[in-house]
Amino acid sequence: MSVARVLVVEDERAIRLAVAGLLKKEGYEVSLAESAPAAFAELAEGHFDLVLTDLALGQGGTGMDVLTASKKARSETPVVMITAHGNERIAVEAMKGGAEDYVPKPFDNDQLRMVVKKALERTRLLREHRLLLDRIEREYGFGALIGSGPAMTRVFETIKKVAETDLGVLIRGESGTGKELVAQALHQASSRRERPFVAVNCAAISRELVESELFGHERGAFTGADARRLGRFEAALGGTIFLDEIGDMPPETQAKVLRVLQERQVERVGSQTPISIEVRVVAATHRNLEEEVAAGRFRSDLYYRLKVVEIILPPLRERVYDIPALAQRFLAQVASRLKRPEKTLSAEAVAVLQGHDWPGNVRELKNLLEQAAVLAPTDEIAADDLDFGLRSPNAAAPAVSDTGAHAFSGGVGFNQAKREATEAFERAFLVSALEAHQGNISKTAEAIGLVRQSLQQKLKELGIRPKG
Ligand SMILES: Nc1ncnc2c1ncn2[C@@H]1O[C@H](COP(=O)(O)OP(=O)(O)OP(=O)(O)O)[C@@H](O)[C@H]1O
Ligand SMILES: [Mg+2]
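Everything quoted here is computed from the prediction, not taken from an experiment. (Residues numbered from 1 in each chain as written. Chains lettered and ligands numbered in written order. Predicted model: local features only at pLDDT ≥ 70, side-chain atom pairs only at ≥ 80, totals over all residues. Heavy atoms only, no water.)

J.: Lay out helix α1 (residues 13–25) with the relevant residues and their values.
T.: Helix length check: α1, at 13 residues, gives a terminal C-alpha distance of 18 Å against a target of 18 Å (1.5 Å per residue), a fit within 8%. Within α1 the residues assigned to the buried category are Arg16, Val19, Ala20, Leu22 and Leu23. All buried residues of α1 project into a common sector of 165 degrees when viewed along the axis, lining one side. Pointing more than 90 degrees away from the buried face of α1 are the exposed residues Arg13, Ala14, Ala18 and Lys25. Downstream of α1 by a residue or two, Gly27 has a phi angle that is positive, lying close to 95 degrees. (Helix = DSSP H or I, 4+ residues; strand = E, 2+ residues; numbered from the N terminus. Expected span 1.5 Å × (residues − 1). Buried < 20%, exposed > 50% of the residue type's maximum accessible area, 1.4 Å probe, protein only. Arc of directions from axis to C-beta.)

In structure tokens form, the structure reads like this:
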């Protein structure tokens, strides 16, 4: 950190100079004010990392007024009060009003040095902490989730509403729609954010090991168990456990997980001692759980316990208007990872992306763009640079059927298919018209008989960004 700037507000000249001398010797940059109005002027002019103010300042205001002004100017700057001996009661009032600390007068040099150092250290930590939280927020929190339109707005609202509760949340959506990202956002938006977020892929654990994986085991519990092992529930203590692909959990395990949710405790394999488990449970599946329940493959009691709150993620093909924003995010990410300039998409490439049906959803889009960003010969990715042959491993996962009454968003109905076909046509038409006029909006509008504003509006609706 650069040199800390301290404002000293003290009406007694001798003390003011002594304090200033002491702090300068510590390497701080010191500004002085001899009254409340002088302090207000300083606060209005510069940023301080610490304000050290006497409580009684004579004419024009007290240390309390300086405190108020400082909080107003820059709320994170700590204010330390200097109070005459016997005035502790007022000092406590000051701390209730937001002062960081106080030093009683007369003080010795060490005492003052310590208080100042501690206050500055605390702000530094707070600042670092906030930067870290900002970064996590950008990568995993709301900031990581891109989306607009009614379905995604509902998703954001639900996250905000339920993050702070401990209600069970079931996240549903096709493969690659962002279920895990939403689970992380829920965790980040809650006060559990500093505790672990533990993701368990229920489809990937073998039947034999699932119990030990989830609940842990004692040494010698079974052949091969040569050390005690903590289960994932225990690892998530105080935080969130994310049971991914819950629809693929074997029936025997379902019964055990249900018990954990009911009793809020686990027993390690090979132990009879229950361990209390305080975790938030979030589950996700790309399966139609209602069908699974009807077919007897998923326990209905577990189903009801998990889906107290449901978050349904729309497939990408139902929100193609988000493709430009998503694309820009992914291209920026690759660029920063590869330390190369960020590539852009030609209008035609955007149109092609928006016309695709995206069986692998956002993940497929991300993979496709990462590949295109690397392979495209120029800084602008053209439609020809997009290779739809590429499939993420998950893209082939069975899509959710749209026959069941509870299917996601009802699938692609006729009206929607028609709307999409119309849009695709409009898009192709506008893109070629734009190209014919080198991206010039006025000329294009004139050629196709639209006023400029309507064309711009249309392009915006369709997410077309003209070149040039
Ligand atoms: N709304 C979004 N905004 C930005 N990035 C997203 C969004 N949704 C998904 N992604 C990105 O797409 C990829 C897939 O998302 P995620 O793993 O959360 O999907 P999923 O639904 O859990 O998929 P699966 O069912 O295959 O496990 C990730 O890289 C994620 O960061
Ligand atoms: Mg996932």
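Now that the structure is up, let's keep going.
J.: Can you lay out the site of ligand 1 for me, pointing to particular residues and giving the numbers?
T.: Around ligand 1 sit 19 residues in total, of which Ile146, Gly176, Lys179, Arg363 and Lys366 are the nearest. Within the side chain of Arg363, an N or O atom sits 2.7 Å from an oxygen atom of ligand 1. In the complex, the protein chains occlude 89% of the 640 Å² of accessible area that ligand 1 would expose alone. Among the cavities detected, the one that contains ligand 1 is the largest pocket. (Near = heavy atom within 4 Å. Polar contact = N/O pair within 3.5 Å; in protein donor to acceptor, adjacent residues only side chain to side chain. Areas by Shrake-Rupley, 256 points an atom, 1.4 Å probe, with all protein chains shown as cover. 1 Å grid on protein atoms, 1.4 Å probe; cavity = no way out; pocket = protein on both sides within 12 Å on 5 of 7 lines; lining within 4 Å. Sits in = over half its atoms within 2 Å of the grid points.)

J.: I'd like a description of the packing of aromatic side chains, backed by residues and values.
T.: In the structure shown here, the tally under the stated rule is four aromatic pairs. With a centroid separation of 4.9 Å and 65 degrees between ring planes, the pair formed by Tyr303 and Tyr304 is classed as edge-to-face. Judged by its relative accessible area of 5%, Tyr303 is buried. Of the residues examined, Tyr304 reaches a relative accessible area of 54% and is grouped as exposed. Between the NZ or CZ atom of Arg5 and the centre of the ring of Phe48, over which it lies, the distance is 4.8 Å. (Phe/Tyr/Trp six-rings, centres within 6.5 Å; stacked < 30°, edge-to-face > 60°. Lys NZ or Arg CZ within 6 Å of the ring centre and 35° of its normal.)

J.: How would you summarise the nonpolar core if you had to cite specific residues and measurements?
T.: Judged by nonpolar contacts, the single largest core of 28 residues is most densely connected at Leu214, Phe233 and Leu243. Listed by contribution, the elements that provide at least two residues to this core are β7 (197–201), α8 (210–215), β10 (240–244), α10 (251–263), β13 (280–285) and α12 (300–306). If we skip the residues at most four places from it in the chain, Phe233 touches Leu214, Phe215, Ile241, Val260, Val266, Ile277, Val279 and Val281. Counting residues in each nonpolar core, the second largest holds 23 residues, with Leu316, Val334, Leu365 and Leu368 among its members. (Core = buried A, V, L, I, M, F, W, Y, C linked by side-chain atoms within 4.5 Å. Contact = heavy atoms within 4.5 Å.)

J.: Would you mind going over the sheet that holds strand β4 (residues 79–84) in detail, with residue names and values included?
T.: A sheet is described by the order of its strands in space; here five strands give the open sequence β2-β1-β3-β4-β5, paired in parallel fashion. Only two strands of the sheet have a single neighbouring strand rather than two, namely β2 (29–33) and β5 (101–105). Geometrically, the sheet is characterised by an average inter-axis angle of 20 degrees between neighbouring strands, direction not taken into account. As defined by bridge partners, β4 adjoins β5 across five bridges and the pair is classed as parallel. By the bridge assignment for β5, Ile82 is matched with Val103. (Pairing = 2+ DSSP bridges. Axes fitted to C-alpha atoms, helices over the stretch in contact; angles between N-to-C directions.)

J.: Explain the packing of helix α13 (residues 323–338) against helix α15 (residues 361–375) residue by residue, including any values.
T.: Close contact between α13 and α15 brings their axes to 9 Å; oriented N to C, the two are set at 50 degrees. Here α15 runs oblique to α13, going by the angle between their axes. Crossing hand, α13 versus α15: right-handed. Residue-level contacts link Ile323, Leu326, Ala327, Phe330, Leu331, Gln333, Val334, Arg337 and Leu338 of α13 to Val362, Leu365, Lys366, Leu369, Glu370, Ala373 and Val374 of α15. Here the contact of α13 with α15 is built from residues that sort into 12 nonpolar, one polar and three charged. (Parallel < 35°, antiparallel > 145°, perpendicular 65-115°, else oblique. Left-handed = near helix turned anticlockwise from the far one by under 90°. Nonpolar A, V, L, I, M, F, W, Y, C, P; charged D, E, K, R; others polar.)

J.: Residue-level account of the confidence of the model for the protein chain, with values.
T.: Confidence in the prediction of the protein chain, expressed as mean pLDDT, is 86, and 90% of residues score 70 or more. When pLDDT is averaged over each helix and strand of the protein chain, the minimum, 67, is found for helix α16 (residues 414–436) and the maximum, 97, for strand β6 (residues 169–172). Here residues 391–415 is modelled with pLDDT under 50, and outside its nearest four sequence neighbours on either side it reaches 41 contacts, counting other chains as well. (pLDDT = per-residue confidence, 0-100.)

J.: Explain the pairing of strand β3 (residues 50–54) to me, and be specific about the residues and the numbers.
T.: Extensive coverage of β3 is indicated by the burial of five of its five residues. Judged by which residues are buried, β3 turns out to be covered on both faces: Leu50, Leu52 and Asp54 on one side and Val51 and Thr53 on the other are all buried. In this structure, strand β1 (residues 5–9) lies alongside β3, joined through four bridges in parallel fashion. The residue of β3 that forms the bridge with Val6 is Leu50.

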